[in-house]
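Structural features, examined
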Amino acid sequence: MKKAHIITIDDQVDVLSALLHDLKPFRRRFILDDCESASEAYELMEELEASGERIALVVSDHIMPDKNGIVFLSELSQDERFSSIAKILVTGQASHEDTINAINNASINYYVNKPWDVEVLTSVIKRMITHWIFDHDLDYTDYEDFIDPEVLMKKLGGSGGTVI
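Residues numbered from 1 in each chain as written. Predicted model: local features only at pLDDT ≥ 70, side-chain atom pairs only at ≥ 80, totals over all residues. Heavy atoms only, no water.

1. A look at the packing of helix H5 (residues 118-135) against helix H6 (residues 149-156)
Two measures define how a pair of helices packs: the angle their axes make with one another and the distance between the axes. Running from N to C, H5 and H6 cross one another at 25 degrees; their axes reach a closest spacing of 8 Å. By the criterion of interaxial angle, the relationship of H5 to H6 is roughly parallel. Both H5 and H6 take part in a crossing whose hand is right-handed. Where H5 abuts H6, its residues Arg127, Thr130, His131, Phe134 and Asp135 lie against Val151, Leu152, Lys155 and Leu156. Among the residues making up the contact of H5 with H6, the classes are represented as four nonpolar, two polar and three charged. (Axes fitted to C-alpha atoms, helices over the stretch in contact; angles between N-to-C directions. Helix = DSSP H or I, 4+ residues; strand = E, 2+ residues; numbered from the N terminus. Parallel < 35°, antiparallel > 145°, perpendicular 65-115°, else oblique. Left-handed = near helix turned anticlockwise from the far one by under 90°. Contact = heavy atoms within 4.5 Å. Nonpolar A, V, L, I, M, F, W, Y, C, P; charged D, E, K, R; others polar.)

In structure tokens:
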């Protein structure tokens, strides 16, 4: 099975490094790509899409010098090739208005404050990945370590119980 990509974007190398460290468990089933700008991420995404690679998730910082995360995620949402990719905005500096704009215009799936709680971030990513797996008709058993059980039950039409 070909691995899908999770793309992380932050202009601060130390924050990007911390994010990649916290997402390390996902390397077993995903390729973790890191970019220091929105333009670098977009170039990578175009290359991956052109070569038939799958992109499951983008985790983007908000405040970046060339283009902020909300603008970038909005552009992805409007690009047919990338509109179905799960999007998470990570920031410690967004205003209330920025947050509303991100939700309304960027079609972000989740907003995470910096500094993030690793367990919360991991849980959010598992939830987004589970949706992505089902939205792309993939075999969820290939990703069993990265499945959110609540989302799985909803997708399978169950109301509870144990999933084996």
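2. Points about the environment of Trp116
Mapped onto the fold, Trp116 is located in the loop between strand S5 (110-113) and H5. Measuring from C-alpha to C-alpha, the distance between Trp116 and Leu19 comes to 9.2 Å, with 97 residues separating the pair along the chain. Setting aside residues up to four positions removed in sequence, Trp116 forms contacts with Val15, Ala18, Leu19, Asp22, Val90 and Leu121. Within polar-contact distance, the side chain of Trp116 engages the side chain of Asp22 at 2.7 Å. (Polar contact = N/O pair within 3.5 Å; in protein donor to acceptor, adjacent residues only side chain to side chain.)

3. Regarding the sheet that holds strand S4 (residues 86-91)
Strand order in this open sheet of five strands is S2-S1-S3-S4-S5, and the pairing throughout is parallel. On the outer flanks of this sheet lie strand S2 (30-35) and S5, each paired with one strand and no other. Here the average twist between neighbouring strands, direction ignored, is 20 degrees. Across five bridges, strand S1 (residues 4-9) lies against strand S3 (residues 55-61) in parallel orientation. Residue Thr8 lies in a different strand from S3, and its bridge partner there is Val59. Lying on the sheet, H5 is in contact with S1, S2, S3, S4 and S5; it crosses S3 at an angle near 145 degrees. (Pairing = 2+ DSSP bridges.)

4. Thoughts on the nonpolar core
If you look at soluble globular proteins, the nonpolar side chains tend to sit buried side by side. Of all hydrophobic cores here, the largest spans 30 residues; its most connected members are Phe26, Phe30, Leu57, Ile88 and Ile125. Those elements that provide at least two residues to this core are S1, helix H1 (13-22), S2, S3, S4 and H5. Ranked by the residues each element gives to this core, the list is headed by H5, at eight residues. If near-sequence neighbours (up to four positions away) are discounted, Leu57 is found in contact with His5, Ile6, Ile7, Ile85, Ala86, Lys87, Ile88, Ile125 and Met128. In terms of nonpolar packing, the next biggest core, distinct from the first, is built from 19 residues, Ala38, Ile55, Phe82 and Ile108 among them. (Core = buried A, V, L, I, M, F, W, Y, C linked by side-chain atoms within 4.5 Å. Buried < 20%, exposed > 50% of the residue type's maximum accessible area, 1.4 Å probe, protein only.)

5. Remarks on the pairing of S4
Sheet faces and side chains relate simply in a regular strand, where the side chains alternate between the two faces. Extensive coverage of S4 is indicated by the burial of six of its six residues. Taking every second residue as pointing to the same face, both faces of S4 are buried, with Ala86, Ile88 and Val90 on one and Lys87, Leu89 and Thr91 on the other. As paired strands, S3 and S4 are joined by five bridges and run parallel to one another. Counterpart to Val58 in the pairing with S4 is Lys87. Crossover connection from S3 via helix H3 (residues 69-78) to parallel S4: handedness right-handed. Of the pairings in the sheet, the one linking S4 to S5 comprises four bridges and is parallel in character. Each bridged residue has a counterpart across the sheet, and for Leu89 the counterpart in S5 is Tyr111. (Right-handed = clockwise from strand over helix to strand, strands pointing away.)

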